[in-house]
Amino acid sequence: MATSDRGLRSPFGRPRLIALITLGAAIGFTPWAWIAGAPWAELAFRILGLTALFAVSLEQSIRSATRTVWEARATRALFLFVLVSAISALLSVHRGNSLEAMLNLLAITGIFLAAMTSVRGMGMLRGVAFFEVLVAIPVATLGILQHFRPELLPAANSYPGRALGPFGQPNRMGGYLIAMIPVALGLAFLAQDRALKAGLLLVSFGLVFCLAATYSRGAWLGLAVGLLVFAAAFARWPELMPRPAMLGLAVACLTLPFAALLPSVLSRVQPRPASGPAWNLPIDPEREGSGAMRGAIWSGAIRAAMSRPVAGWGIGSFRQAYDVSKDATMKRLEAEGGRTADQAHNHYLGILAERGVLGLAAFAALTALTLGAAAMAMASGTQAMGRVLVAGLAGSVVALLAHGLFDDNLALIPHGTLLFAGLGLLAAAPATARRVSGPSRVTARAGLVAAIVAAGISVLSFGGQSFAQATSSAASAGNPEGALARWRTATRLAPWRGEFAVSRAEAAERLASTAANVPALREAEGAYRKAIAINGADPVTRQELARLYLAHPHVWGNRGTGLALEQLRIAVAQNPYYAEIQNDLGVALLRSGHRPEARAAFGRAAHGRPGFVDPLLNLAALAIESGDRVEARSWLEQALQREPNSARARALLEGLGP
């Protein structure tokens, strides 16, 4: 008698169990991983997610399987989203950032697939949801303690009196909590044991209290939209409605925390201009409130998206896209105040700018399909308790998506993990749907290769960051040769990291300053050019390269002045409000014999950052050379008003005589 074909056996044990374990580890690990900002945290997450991707792909490659039509559709939508993101990475203006972002996306893909393929049945779904809520309890506890004990807040934070949790930022904390509250309420509704029901209600109260203490208005709105999913589910299927007493307790858990903090909540809701040293520039839009700053960032993001509408600027490259596309006010704020935007403060504008309309359409298709699967599960004939839990998970996903209208927290690993885990769980919820054949073995093996390659690149990136951190001790120990050697290793391990190339160039310059080392200067030039090739949107790196040419004419001669002019003109075109760059441009123009142009550049620099007096002194020096002592005295007096301790200004003024 022939035996049934059960497929090949995996040498790694049960892949589905491995995927489930990595899913749980990622959910429990990510809220706490970024407290210290250590590079190992990102590596650990990537290894978890890529292990899940490897396990799911291995499961599909060694045995035949079927899946529901909703799982098949969601998988195709996810593949399309990853493919569009990869295309944007290939066309990126900052391929280093795009590569790092793609590694995170592949890890999150593993989390999605692990949730969709490994969680089977309402019992297991309930277990995963319960674990998510358990993980949120210490996170919320820390936030509540921070509210009552401000000394527990991180040092030098700019959010006094607001719960930050392990995220160090209230909007991120709020974005995490709104994903947990609908799940906790759903579990409380379906719990049969009275003690467990009471405990889940108490947890819900604590989560909501911590959310109120974040004073994150976007998170409050996100939760409100997520709770509408519950209301819609109860209105559509009245049999899911909990008992009136239970519903009243749930409403109390949602409203009493805000009532307890009502004066502060009302103060937060009322619009008011910002104040304090962080907004001491008159041009700063945030002086008129965070809404004005968001508006300025959104307008720049829209301009960025319109300039590259199809594939975008590259996944992970929002800052470079924004720096090129933002208006004059924001460019001046960057140059004079050091403030710019690393995120779009709108998840969908962020996707549009980075991955174009193709990426936004793929993301919309993925979320629509998974929410459609949730609606299918709630409309099915399964027991009401399971349908209530699906409504809670759908509320969690919708709350995150709604919050994405005001912040781009979903681009962060902890929030992205919750979103894609929730999407995966919803895709697998309608277990009674029609089943179709699983993915081909070719596709599954492609997933194996992607997981292995991404894990290898992640290890290299971590190695580069580890060497980068080790250079600080070498530099502080007065060992410039050792520091440069470590930066060389870091750039070899992760050649796509532009910041490593800049640090290598700076280390080579320091070594050359102590030993008059011409080869080190040549190495610094090459490293700066490598950094510019990786990220050409940064004017400061171009300025540093130009300064290298201007500071060492014995190496580059007259040709160095021309090379410096080339870089400085590009830098000024990128952001004309950097007074230091305009001043260096004037120096280079003066050396090349373009005196009127140099004077104009010094004049533009003089209207820049108030504490920067070098252009005023240069204008005074030009006036002294031309014999105009009155003009020279005027420039010097302005310089001393800005910087009374300027020795050069006093020396030039004394040289003018009475």
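The notes below deal with the structure included here. (Residues numbered from 1 in each chain as written. Predicted model: local features only at pLDDT ≥ 70, side-chain atom pairs only at ≥ 80, totals over all residues. Heavy atoms only, no water.)

**Brief notes about the packing of helix α4 (residues 95-118) against helix α16 (residues 413-427)**
Next, step 1: It is at 7 Å that the axes of α4 and α16 come closest, and there the two elements cross at 35 degrees. Like other packed secondary-structure pairs, α4 and α16 cross with a definite hand, here right-handed. Within the contact between the two elements, α4 uses N104, I108, I111, F112, A115 and M116 and α16 uses I413, G416, T417, F420, A421, L423, G424, L425 and A427.
Next, step 2: Its residues placed into classes, the contact of α4 with α16 shows 11 nonpolar, four polar and no charged. (Axes fitted to C-alpha atoms, helices over the stretch in contact; angles between N-to-C directions. Helix = DSSP H or I, 4+ residues; strand = E, 2+ residues; numbered from the N terminus. Left-handed = near helix turned anticlockwise from the far one by under 90°. Contact = heavy atoms within 4.5 Å. Nonpolar A, V, L, I, M, F, W, Y, C, P; charged D, E, K, R; others polar.)

**Concerning the side chain of E336**
Next, step 1: With respect to the element layout, E336 can be found in helix α13 (residues 328-337).
Next, step 2: Not counting residues up to four positions away in its chain, the partners in contact with E336 are L281, H607, G608 and R609.

**With respect to the packing of aromatic side chains**
Next, step 1: In total, this model carries 15 aromatic pairs according to the counting rule given.
Next, step 2: Arranged with centres 5.4 Å apart and planes meeting at 80 degrees, the rings of W220 and F258 form a pair that is edge-to-face. Placement of the pair is W220 in helix α8 (residues 217-236) and F258 in helix α9 (residues 244-260), with a sequence separation of 38 residues. Of the two residues, W220 and F258, neither departs from the other in class, the shared state being buried.
Next, step 3: Every member of this aromatic cluster is reached through a ring pair, and the members are F81, Y348 and F363.
Next, step 4: Positioned above the aromatic ring of W70, the side-chain terminus of R73 is 5.0 Å from the ring centre.
Next, step 5: Across the ring face of W313, the terminal group of R308 is positioned such that the distance to the ring centre comes to 5.2 Å. (Phe/Tyr/Trp six-rings, centres within 6.5 Å; stacked < 30°, edge-to-face > 60°. Buried < 20%, exposed > 50% of the residue type's maximum accessible area, 1.4 Å probe, protein only. Lys NZ or Arg CZ within 6 Å of the ring centre and 35° of its normal.)

**As for the pattern of salt bridges**
Next, step 1: Enumeration according to the criterion identifies 22 salt bridges in this entry.
Next, step 2: The closest approach of N and O atoms between E334 and K326, which form a salt bridge, is 2.6 Å. Across the pair, exposure class does not vary: E334 and K326 are buried alike.
Next, step 3: Its salt-bridge partner being E354, residue R355 comes within 4.0 Å of it at the nearest N-O pair. Here R355 and E354 have matching classes, each one buried.
Next, step 4: A network of salt bridges, in which partner residues are shared, links E42, R46, E100, R497 and E499. (Salt bridge = Lys/Arg side-chain N within 4 Å of Asp/Glu carboxyl O.)

**Some details on the nonpolar core**
Next, step 1: Counting 117 residues, the largest nonpolar core has F112, Y176, L207, L419 and F420 as the members making the most contacts within it.
Next, step 2: Top contributing element to this core by residue count: helix α6 (residues 170-190), with 14 residues.
Next, step 3: Residues within four places of Y176 in sequence aside, it is in contact with P31, V135, A136, V139, F167, H415 and L418.
Next, step 4: Counting residues in hydrophobic clusters, the runner-up holds 58 residues, among them A501, I581, A601 and F602. (Core = buried A, V, L, I, M, F, W, Y, C linked by side-chain atoms within 4.5 Å.)

**As for helix α21 (residues 539-551)**
Next, step 1: Between its terminal C-alpha atoms α21 stretches 18 Å, which fits the 18 Å expected from 13 residues at 1.5 Å a residue.
Next, step 2: Along α21, the residues that are buried comprise P539, T541, R542, Q543, L545, A546, L548, Y549 and L550.
Next, step 3: Sitting at the amino-terminal end of α21 is D538, which places a side-chain oxygen 3.2 Å from the backbone nitrogen of V540. (Expected span 1.5 Å × (residues − 1). Polar contact = N/O pair within 3.5 Å; in protein donor to acceptor, adjacent residues only side chain to side chain.)

**Notes on a nonpolar patch on the surface**
Next, step 1: Where nonpolar side chains cluster on the molecular surface, the patch consists of F79, L80, L83, I87, L90 and L91 and spans about 590 Å² of accessible area.
Next, step 2: Along the polypeptide, L80 turns up in helix α3 (residues 69-90). (Patch = residues over 30% accessible without salt bridge, like charges linked within 9 Å, V, L, I, M, F, W, Y side chains within 5 Å. Areas by Shrake-Rupley, 256 points an atom, 1.4 Å probe, with all protein chains shown as cover.)

**Some thoughts on the side chain of T214**
Next, step 1: When you line up the elements, T214 lands in helix α7 (residues 194-214).
Next, step 2: Among the residues examined, T214 registers a relative accessible area of 0% and is labelled buried.
Next, step 3: Look past the residues within four positions of T214 in its chain and what remains in contact with it is R162, A163, P170, M173, G174, L177 and W220.

**Here we look at the packing of helix α23 (residues 579-591) against helix α24 (residues 595-606)**
Next, step 1: Close contact between α23 and α24 brings their axes to 8 Å; oriented N to C, the two are set at 165 degrees. Classified by the angle their axes make, α23 and α24 are roughly antiparallel. α24 is crossed by α23, and the crossing has left-handed handedness. Residues A579, Q582, N583, L585, G586, V587, L589 and L590 of α23 form the contact with α24, whose participating residues are R595, E597, A598, A601, F602, R604 and A605. (Parallel < 35°, antiparallel > 145°, perpendicular 65-115°, else oblique.)

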